[in-house]
Amino acid sequence: MLHNLHVKNLALIEEAEVDFSEGLNILSGETGAGKSIIIGSIGAAIGEKVSRDIIRRDADYALVELIFSVDDSVREKLAAMDIPMEDDQVILTRRISGGRPIAKINSESVSAAKLKEAASLLIDIHGQHEHQSLLSQKNHLQILDAYAKKELSGLKEKLSGAYQDYSSIRNELKEASSDTEQRARELSFLQYEAEEIEQASLKNGEDEELELQYRRFANGKKIMGSLSAVYQLTSENGAAQMTGHAVLEIAGASAYDERAKQFEEQLMEIDSLLNDFNRELAGYMEDADFDEEQFYEIEKRLNLINSLKAKYGNTIEKILAEYEKKLARIEKLSDYDAYLASLKQRMEQKEAELEKLCKKISAVRKKEARKLTEKIKEALIDLNFLDVQFELKLTRKKEYSASGYDEAEFLISTNPGEPLKSLTKIASGGELSRIMLAIKAVLADCDEIGTLIFDEIDTGISGRTAQMVSEKMNVISKEHQIICITHLPQIAAMADTHFLIEKQAVRNHTSTSIRRLNGEESVTELGRMLGGVKITDTVLKSAREMKELAAVTKSDKGF
């Protein structure tokens, strides 16, 4: 059940808070007062797409918050979605600003998709024009599957996987059925590419080693010049000569002074290290080979590897992986008849599996369709379709799809003796509204959704039909919380709680507000809805009688 709606800075609403009650909550008000804004704000809170233009002028952001109470069944489903629970309450929050909208469930940020998924367990909104969706036949199967979802859920999951596999093999088979000349061209080109990679005899890590050698060879002259200069500075013509002289000089003093003796030992060690260094440096310079031919071969090998990288992948590992793929494709093309036969066999197996699943799903649909149409027919009778006939025709499509091979179409006859016709041929908005109301009522019982919202479900109806719609609303409200925007007094009179939506303009500042009406205020609002230019005592008397009649209707039906 929806307990509270809090809206801030949204369209004409500066800030509004509504505490809804159980049963039938009616929202009414003058045309243009902002009734659609209230429903739009709830839609925003449950994840529907919103425009930044919805933010109230001169405000930086808009905020909508819904507070629900849930039973054990819904709490378990939400827990399965990893949604944190705060006792038995669920708080949905949507903040819209100049950036990306932020959605939260119980103060934890979630994606818009997860917000919508969670909200689908809590609330269902029937918008002003949703009944028009009945004019599209593709929606009829969705309605049936929504009703039968408990029976179909496991089967449809299997069907989805089977259809995906079937489509993948079918596409592969289609591609494989290209002409012989094209396959020959592809085979020839693949063999050329595979041979190109094979002849290169690539080894993992080879390119990195070659890069090091290349840099060394490319800078060979600089390296040798630097080493020659070092040798000149440290050899017998440089530091080595001076350290030799120093050893001779300090030997004359070390015989007389113990401290000088220690210096002599250190100096001799330096002299020895320097001589060893010079021998090793001279040996390295003598053995170093920076010849032009070797450098050319390294450069040539690197160019080949880089050329293959540009064609087949930016690492040797990727080039070799691509080589393996080409070999596998060559094997297929070389023995194409066997490949095609294997592919066709797999296709037949998947098609048989898909056919079996579709047949099972179709059988479930046919069984559930009889139950669904019977319930919808009962609901339609309650909505003043007194001699209605209502059926759901299932036919088989030529092609499989992710939903099976069934096509569904609702058929209706609203007058005795008239043949059943497609629901898509109904032109009356009032009839479509009532049919959608009947369908929503049946699906709500099936889904156990706690809160149903109807935005002007009364379009195109009046008189006795309006009265019967109000009675149906009242019946539904005994099992579900109903929030209904209406312009008909017959429906508003049945309210358990009546709210008035008003628009005020003060000093060039326009805002919409909503408030709960007490008994007398509700009668006054009914008087306005009855259509009088001026609400006279006679109009108020009629409004009061309408309210009393609604109370009697509830009492007579045991409500």
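A brief structural summary. As the structure is a computational prediction, the values presented were derived from the model and not from experiment.

A closer look at the sheet that holds strand 9 (residues 389-401)
Then step 1. Across the sheet, 3 strands lie side by side as 9-10-11; this open sheet has antiparallel pairing. Looking along the sheet, the strands with just one partner apiece sit at the ends: strand 9 and strand 11 (421-422).
Then step 2. Pairing of strand 10 (residues 404-413) with strand 11 involves 2 bridges; the strand directions are antiparallel. Of the residues in strand 11, the one forming a bridge with Leu-411 is Ser-422.
Then step 3. In the packing of helix 13 (residues 336-382) onto the sheet, the strands contacted are strand 9 and strand 10, and the crossing angle to strand 9 comes to about 165 degrees.

What to know about unusual backbone geometry
Then step 1. Non-glycine residue Asp-58 carries a positive phi angle of around 75 degrees.
Then step 2. Note on placement: Asp-58 falls in the loop between helix 1 (35-45) and strand 4 (61-69).
Then step 3. Of note in the backbone geometry, Asp-82 takes a positive phi value of approximately 60 degrees without being a glycine.
Then step 4. On the secondary structure map, Asp-82 appears in the loop between helix 2 (72-80) and strand 5 (89-97).

Re the environment of Leu-437
Then step 1. Here Leu-437 shows up in helix 14 (residues 429-447).
Then step 2. Between the C-alpha atom of Leu-437 and that of His-126, which follows or precedes it by 311 residues, the distance is 8.5 Å.
Then step 3. Ignoring sequence-local partners within four residues, the contact set of Leu-437 consists of Leu-383, Phe-454, Ile-457, Val-469, Met-473 and Ile-476.

Points about the pairing of strand 14 (residues 497-506)
Then step 1. Of the pairings in the sheet, the one linking strand 3 (residues 24-28) to strand 14 comprises 4 bridges and is parallel in character. Counted as the bridge partner of Leu-27 is Phe-499 from strand 14.
Then step 2. Both strand 14 and strand 15 (residues 509-516) contribute to a ladder of 8 bridges, which runs antiparallel. Within the sheet, the bridge partner assigned to Val-506 lies in strand 15 and is His-509.

Details of the packing of helix 4 (residues 138-147) against helix 13
Then step 1. The geometry of helix 4 relative to helix 13 is characterised by a closest axis approach of 10 Å and an angle of 95 degrees between their N-to-C directions. Taken together, the axis directions place helix 4 and helix 13 in an arrangement best described as roughly perpendicular. Residues Leu-141, Ile-143, Leu-144, Asp-145 and Tyr-147 of helix 4 touch helix 13, and the partners they reach there are Arg-365, Glu-368, Ala-369, Lys-371, Leu-372 and Lys-375.
Then step 2. The class makeup of the residues in the contact of helix 4 with helix 13 is 6 nonpolar, no polar and 5 charged.

Notes on the sheet that holds strand 14
Then step 1. With mixed pairing, 6 strands are arranged side by side in an open sheet as 8-12-13-3-14-15. The open sheet terminates on both sides in strands that have one partner only, identified here as strand 8 (123-126) and strand 15. Neighbour-to-neighbour, the strand axes of this sheet turn through a mean angle of 15 degrees, independent of strand direction.
Then step 2. Note: strand 8 against strand 12 (residues 451-455), 4 bridges, orientation parallel. In the sheet register, Ile-125 faces strand 12, and the bridge partner there is Ile-453.
Then step 3. Contacting strand 3, strand 12 and strand 13 (481-485), helix 15 (residues 463-476) crosses the sheet at an angle of about 150 degrees to strand 13.

The rules behind the values
- Residues numbered from 1 in each chain as written.
- Predicted model: local features only at pLDDT ≥ 70, side-chain atom pairs only at ≥ 80, totals over all residues.
- Heavy atoms only, no water.
- Pairing = 2+ DSSP bridges.
- Helix = DSSP H or I, 4+ residues; strand = E, 2+ residues; numbered from the N terminus.
- Contact = heavy atoms within 4.5 Å.
- Axes fitted to C-alpha atoms, helices over the stretch in contact; angles between N-to-C directions.
- Parallel < 35°, antiparallel > 145°, perpendicular 65-115°, else oblique.
- Nonpolar A, V, L, I, M, F, W, Y, C, P; charged D, E, K, R; others polar.

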